[in-house]
Amino acid sequence: MKTNFWLSNSEAVEEGKLRGATDYSEFFYFFCPKCEGDKILRLLDYRLTENSEKNRYDGEKIGQQNIKSKCAKGFTLQFQCYCENCGHADTFKISNLGWQGGNHSDSL
Ligand SMILES: [Zn+2]
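Residues numbered from 1 in each chain as written. Predicted model: local features only at pLDDT ≥ 70, side-chain atom pairs only at ≥ 80, totals over all residues. Heavy atoms only, no water.

### What to know about the coordination of the zinc ion
Inclusion rule: In this listing, donors mean N, O and S atoms no farther than 2.8 Å from the metal, or 3.2 Å for Na, K and Ca; water is missing from the atoms, so a site can look incomplete. Here the metal geometry follows the donor angles, with tetrahedral for four donors whose angles all fall between 85 and 135 degrees, square planar for four and octahedral for six when opposite donors are more than 155 degrees apart and every other angle is between 65 and 115, and irregular for all the rest. With a 1.4 Å probe rolled over the protein chains alone, any residue whose accessible area is under 20% of its type maximum counts as buried; one over 50% counts as exposed, and the rest are partly exposed.
On the protein side, the zinc ion has C32 (SG), C35 (SG), C83 (SG) and C86 (SG) as donor atoms, found 2.3 to 2.4 Å from it. Geometry at the zinc ion is tetrahedral, judged from its 4 donor atoms and the angles of 106 to 117° they form at the metal. When the donors of the zinc ion are listed by position in the chain, the intervening gaps give C-x2-C-x47-C-x2-C. You'll find C32 and C35 in the same group, each marked buried.

See below:
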């Protein structure tokens, strides 16, 4: 297990390889990108790495689409994850500061 996994993520979580799903309710689980069979990762910690009062996409026009929604604030959260099955440790981020729209294939 890495001693400081805030430093950077591995390629195992990039290019669509980190996936997940909700359970029977609204809780979202991430699956280990190394194990077969959707083994659920533990989230060991999180931190706020960026925040802003505004989101640059609010009120903008992206291509032919006018952005109708407005963010309360901008943020990037970084999570530490760990697979109890294989020992894989990694980090990933969730953010609303980048563009969130279109097709996932366009973000790869
Ligand atoms: Zn695993």
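### Considering the sheet that holds strand β7 (residues 89-95)
Each strand in a sheet pairs with its neighbour through backbone hydrogen bonds, running either in the same direction (parallel) or in the opposite one (antiparallel). Put simply, the rule reads: For two strands to be treated as a pair, DSSP must find no fewer than two bridges joining them. The helix and strand labels rest on DSSP assignments: H or I over at least four residues marks a helix, E over at least two residues marks a strand, and numbering proceeds from the N terminus. Lines fitted to C-alpha atoms define the axes, with helix axes restricted to the stretch in contact, and inter-axis angles between N-to-C directions lie between 0 and 180 degrees.
If you trace the 3 strands from one edge of the open sheet to the other, you get β3-β6-β7, paired in antiparallel fashion. Edge positions in the sheet fall to β3 (42-52) and β7, since each has one partner strand and no second. Adjacent strand axes in the sheet meet at a mean angle of 20° when their direction is disregarded.

### Some remarks on the pairing of strand β2 (residues 28-31)
In terms of strand pairing, strand β1 (residues 19-22) meets β2 through 4 bridges, oriented antiparallel. From the neighbouring strand, A21 faces β2, where its bridge partner is Y29. Between the end of β1 and the start of β2, which pair antiparallel, lie 5 residues.

### Comments concerning the nonpolar core
Threshold: By nonpolar core is meant a set of buried Ala, Val, Leu, Ile, Met, Phe, Trp, Tyr and Cys residues that side-chain atoms within 4.5 Å join together. What makes two residues a contact is simply this: any of their non-hydrogen atoms within 4.5 Å.
If you look at the biggest cluster of nonpolar residues, it comprises 10 residues: V13, L18, F30, C32, C35, L41, F79, C81, C83 and F92. Sequence-distant contacts of C35, defined by excluding residues within four places in its chain, comprise C83, N85 and C86.

### What to know about the pattern of salt bridges
Two side chains of opposite charge can pair, provided their charged atoms sit close to one another. Quick note on the threshold: For salt bridges, the criterion is a side-chain nitrogen of Lys or Arg within 4 Å of an Asp or Glu carboxyl oxygen.
Enumeration according to the criterion identifies 2 salt bridges in this entry. Close ionic contact of K70 with D58 constitutes a salt bridge, the shortest N to O distance being 3.9 Å. Of this pair, K70 sits in the loop between β5 (65-66) and β6 (74-82) while D58 sits in the loop between β3 and β4 (61-62); the two residues are 12 residues apart in sequence, bridging distant segments of the chain. For K70, a relative accessible area of 66% corresponds to the exposed category. Residue D58 is classed as buried on the basis of its relative accessible area, which comes to 16%.

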